[in-house]
Amino acid sequence: MKRSLFHLLGSAILALGFFFTASALAQETIAYPGATLQHVLGVPDSLGPSGSGSGKSNSLSGNSVTLNSGAVNEIHGAINVNDTDPVTNNNVFIKGGMVRTAVDGGHGMITSTGNSVTVSGGTVDGTIIGGHAMNRDDEYKTTVSEDNNVTISGGQVDGSIYGGYSDNPVEEGSASARNNTVTIRGAPTFGSDVKLYGGYANDLVDGTSTGNTLNFHSSGLKVHELYFFQSMNFYLPSTLEAGGTVLTVAEAASIADVTINVRLEGTGPALKTGDRYTLVDAGVLHGDFLQTKGILGYHAYTLQKEDNRLVLIIGEQILSGQWIKDDEDAWGLTVLMNFPGNLRYIFVPWYTYDKDGNAAWYIFQGESTVLPESGYIELSADVYRYTGPNWGAMPYDNSSIDNAKVGTAKLTFTSATTAQFEYDVEGAKRTIDLNRLDGAASVGNESWASRLVTGQWVKVDEDAWGLTVLGGFASKPGYLFVPWYTYDKDGNAAWHIFQGESVSAPCDSVQASHISCLTLEADVYRYTGSPWGTMPYDNSAIAHTKVGTATLTFFLSISPDTPPGARFEYDVDGSKRIIDLRKLD
């Protein structure tokens with residue numbers, strides 16, 4: 001194998017290296033036109049820091065090299081093929097002009113780390129490499145290309161794109177390409193030969209490609225191949241239409257052992273239940289892929305492989321439901337959203353116990369946000385405790401309703417079935433992991449009726465009490481769970497529970513505008529439990545008592561112009577009543 005200049009000159013090069021120590025530390029900022037082109041590695045008219053023509057740039061770290069216009073053959077953020085000094089943290093910017101052959105953020109013989117190439121304009125006919133490590137000496141057994149980046153946001157690219165490239169064709173040598181990133185944004189133009197590679201390690205030796213990431217913030221692009229990524233993050237832009245394709249791969253792509261995440265770019269497209277998007281459409285899509293589920297912009301989604309395509313299927317709007325701590329009984333949060341006027345608004349009755357162990361409830365609510373990095377949905381809000389009219393007193397006295405701020409809460413949904421609940425209320429602070437009752441979201445399994453009835457039901461002219469109706473449980477499609485929040489005889493916030501299988505039947509003539517009725521008849525229970533704020537939570541303190549019966553009938557119509565209605569009849573604690581309810585908007 002050809003040996004490097006370092007070994008041919010022996011000790012003489014060491015002396016020269018000592019002489020140039022001061023220059024080697026100096027970072028350079030150069031731009032073309034303006035900078036002098038060099039003859040680098042046999043290639044004339046190349047752009048790079050001073051000294052690059054000798055095989056080793058005077059500065060190996062922190063350089064900035066920019067092409068604004070004109071034509072060059074190669075561009076290097078820094079280069080060193082003479083010895084083991086690493087090439088690190090250099091940046092190349094292509095804003096205009098043309099690169100005929102190749103561009104790399106840094107080119108080292110052994111180590112190339114933290115380098116980057118950014119293409120926002122111009123044309124690159126050849127290869128783009130964030131960080132290139134290429135051994136040319138039998139003596140060295142290891143090459144590393146690590147933490148390098150390529151970002152393409154504009155211009156035209158006609159060659160292969162590598163986040164990192166590690167090449168060590170030495171017997172018993174090893175090559176490692178790890179934690180390199182390729183990011184695609186905007187609307188660049190790709191030629192037919194473009195290949196997207198995350199971290200390529202020469203597979204003629206002990207090549208290792210790990211932790212390399214594709215961040216794809218565009219749509220409608222086409223490349224020739226897609227390989228050597230261990231993580232792919234797709235950010236759906238607002239321009240992507242239902243049925244559209246994010247990335248087409250003409251030849252072959254691999255998703256073997258790849259972690260795939262889906263996020264929205266900004267507000268993203270207007271997602272609707274049943275919409276399908278193709279993330280990758282390949283000639284051949286290598287690798288098994290287990291179907292995954294998650295949340296995206298307040299919707300459940302399913303991601304699955306279909307032949308040679310990776311397909312995203314948008315499910316129902318989710319998060320509404322009962323959220324509990326698995327090992328703590330008979331308390332929880334009821335999360336309600338999908339209000340027609342504001343799909344980001346979340347209303348949360350919190351069912352718990354007061355200091356005496358009596359059932360009590362709080363309310364927090366507000367507009368949620370989507371955390372940009374994780375895609376998690378988060379609600380931060382003040383927590384209020386209510387008082388109201390005495391139980392059973394008629395007529396209902398709205399003037400007696402009052403509330404007091406008692407603390408703050410933050411609820412972060414980390415998936416369709418998991419959340420973290422953090423609160424500081426009435427002197428108690430706690431962070432709790434919650435799960436959605438009944439396991440995974442029942443997208444596609446819940447009945448048409450349960451979708452219509454799930455939500456908050458109120459009496460129009462009576463404030464601050466109501467029923468929280470939850471349906472659509474995957475294991476019991478007709479089952480309804482109903483926390484009823486009201487007040488006790490002293491006007492303190494109190495709650496009851498009734499639940500069971502609902503029955504569907506034709507409506508009577510009074511409800512002629514509706515096509516179906518859904519009825520739940522059940523016993524009503526009042527709970528007592530572990531006093532508020534006591535830790536550890538005492539499941540043995542939970543008890544419940546039957547206090548009456550309730551019948552809840554929903555009047556349903558398939559027409560969007562005819563909203564559902566409900567009639568609530570109860571006999572509880574000696575009080576009987578029949579009430580017409582409406583679903584909260």
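Worth saying up front: this structure is predicted, and the values here are computed from it rather than measured.

What exactly am I supposed to notice about the overall build of the protein here?
Broken down by element type, the protein carries four helices and 50 strands. What you see for the protein is a C-alpha radius of gyration of 32 Å, clearly larger than the 25 Å of a compact globule of 585 residues, by over 25%. Overall, the C-alpha framework of the protein stretches about 105 × 50 × 45 Å when taken along its three principal axes. Expressed as a percentage of the 585 residues in the protein, the buried residues total 52%.

For this particular structure, what's the right way to read the nonpolar core?
The nonpolar side chains of soluble globular proteins are, as a tendency, buried together. One finds Trp350, Phe364, Phe421, Phe498 and Phe568 to be the most contacted residues of the largest nonpolar core, which totals 79 residues. Considering each element in turn, this core owes the most residues, seven residues, to strand S44 (residues 479-487). With residues up to four places along the chain from it excluded, the contact list for Phe364 reads Leu333, Ile346, Phe347, Val348, Trp350, Leu379, Ala381, Asp382, Val383, Ala409, Leu411 and Phe421. Membership of the second largest hydrophobic core comes to 56 residues, among which are Val92, Val99, Met232 and Leu310.

Would you explain the sheet that holds strand S12 (residues 116-119) in this entry?
By way of backbone hydrogen bonds, the strands of a sheet pair with one another, either parallel or antiparallel. Taken in spatial order, the nine strands of this open sheet run S1-S4-S8-S12-S16-S20-S24-S26-S28, and their pairing is parallel. Unpaired on one side and paired on the other, strand S1 (29-32) and strand S28 (259-264) mark the two borders of the sheet. Averaged over all pairs of adjacent strands, the angle between strand axes in this sheet comes to 10 degrees, irrespective of strand direction. Here strand S20 (residues 181-184) pairs with strand S24 (residues 213-216) via four bridges, running parallel. Counted as the bridge partner of Thr183 is Asn215 from S24.

Honestly, the layout of surface pockets in this entry has me stumped. Any pointers?
The computed volume of the second largest pocket comes to approximately 600 Å³. In terms of lining, the second largest pocket is formed by 26 residues, of which the most central are Leu264, Thr267, Gly297, Tyr298 and Arg344. Put simply, the parts of the chain that give the lining of the second largest pocket at least two residues each are S28 and strand S30 (292-296). Per-element tally for the lining of the second largest pocket: the top contributor is S28, with three residues. Residue classes in the lining of the second largest pocket are distributed as 13 nonpolar, eight polar and five charged.

Would you explain empty space enclosed by the protein in this entry?
One simple way to see leftover space: roll a probe sized like a water molecule over the atoms. Overall, the coordinates contain two cavities of 30 Å³ or more when judged by the stated rule. Going through the elements one at a time, S44 and strand S50 (575-583) are the ones with two or more residues in the lining of the largest cavity. When residues of the lining of the largest cavity are assigned to their parent elements, the largest contribution, three residues, is made by S44. Of the residues belonging to the lining of the largest cavity, the class tally is ten nonpolar, three polar and two charged. Its boundaries defined by the atoms lining it, the second largest cavity holds a volume of some 90 Å³. Along the wall of the second largest cavity there are 14 residues; nearest its centre are Thr352, Tyr423, Arg430, Trp532 and Tyr537. Of the residues that constitute the lining of the second largest cavity, the class distribution is eight nonpolar, four polar and two charged.

Help me understand the sheet that holds strand S19 (residues 174-178) in this model?
Overall, parallel pairing links the five strands, which are arranged S7-S11-S15-S19-S23 in an open sheet. With one partner strand each, in any of the chains shown, strand S7 (87-88) and strand S23 (206-210) form the two edges of the open sheet. Here S19 runs beside S23; their pairing, made up of five bridges, is parallel. Among the inter-strand pairings, Arg178 is bridged to a residue of S23, identified as Thr210.

Teacher, can you tell me more about the environment of Thr267 here?
Along the polypeptide, Thr267 turns up in the loop between S28 and strand S29 (276-286). Residues Thr267 and Glu373, 106 residues apart in the sequence, show an inter-C-alpha distance of 13 Å.

Can you help me understand the pairing of strand S41 (residues 428-436) in this one?
A regular strand carries its side chains on alternate faces of the sheet. The alternating pattern of S41 places Ala428, Arg430, Ile432, Leu434 and Arg436 on a buried face, while none of Lys429, Thr431, Asp433 and Asn435, on the opposite face, is buried. Bridge count for strand S33 (residues 321-324) against S41 is two bridges, and the pairing is antiparallel. What sits directly across from Trp323, in S41, is Arg436. Judged from the eight bridges that link them, strand S40 (residues 418-425) and S41 form a sheet pairing that is antiparallel. Paired with Gln420 across the two strands is Asp433, which belongs to S41. Turn length for the S40-S41 hairpin, with the two strands adjacent in sequence and antiparallel, is two residues, and the turn residue Glu426 shows positive phi of about 50 degrees.

What should I look at first to understand unusual backbone geometry in this one?
When glycine is set aside, most residues are seen to have a negative phi, and most peptide bonds are trans. Residues Tyr32 and Pro33 are joined by a peptide bond in cis, for which omega reads 5 degrees. The backbone of Asp573 shows a phi angle near 50 degrees, a positive value even though the residue is not glycine. Here Asp573 lies in the loop between strand S49 (565-572) and S50.

Would you mind going over the side chain of Glu146 with me for this structure?
Mapped onto the elements of the fold, Glu146 is located in strand S15 (residues 142-146). Glu146 sits in the buried class, given a relative accessible area of 18%. Discounting chain neighbours no more than four positions away, the residues touching Glu146 are Ser112, Thr113, Gly114, Arg178, Asn179 and Asn180.

Would you mind going over the pattern of salt bridges with me for this structure?
Once the charged atoms of two side chains with opposite charge are near each other, the side chains can pair. If you walk through the whole model with that rule in mind, you get 20 salt bridges. A salt bridge links Arg178 to Glu146, with the nearest nitrogen and oxygen atoms 3.0 Å apart. Remark: Glu146 occurs in strand S15 and Arg178 occurs in strand S19; sequence separation between them is 32 residues. One network of salt bridges, in which partners are shared, links Lys56, Asp83 and Asp85.

Parameters at a glance
- Residues numbered from 1 in each chain as written.
- Predicted model: local features only at pLDDT ≥ 70, side-chain atom pairs only at ≥ 80, totals over all residues.
- Heavy atoms only, no water.
- Helix = DSSP H or I, 4+ residues; strand = E, 2+ residues; numbered from the N terminus.
- Rg over C-alpha atoms; globule rule 2.2 N^0.38 Å.
- Buried < 20%, exposed > 50% of the residue type's maximum accessible area, 1.4 Å probe, protein only.
- Core = buried A, V, L, I, M, F, W, Y, C linked by side-chain atoms within 4.5 Å.
- Contact = heavy atoms within 4.5 Å.
- Pairing = 2+ DSSP bridges.
- Axes fitted to C-alpha atoms, helices over the stretch in contact; angles between N-to-C directions.
- 1 Å grid on protein atoms, 1.4 Å probe; cavity = no way out; pocket = protein on both sides within 12 Å on 5 of 7 lines; lining within 4 Å.
- Points joined across faces, edges and corners; volume = space filled by probe spheres on them.
- Nonpolar A, V, L, I, M, F, W, Y, C, P; charged D, E, K, R; others polar.
- Salt bridge = Lys/Arg side-chain N within 4 Å of Asp/Glu carboxyl O.

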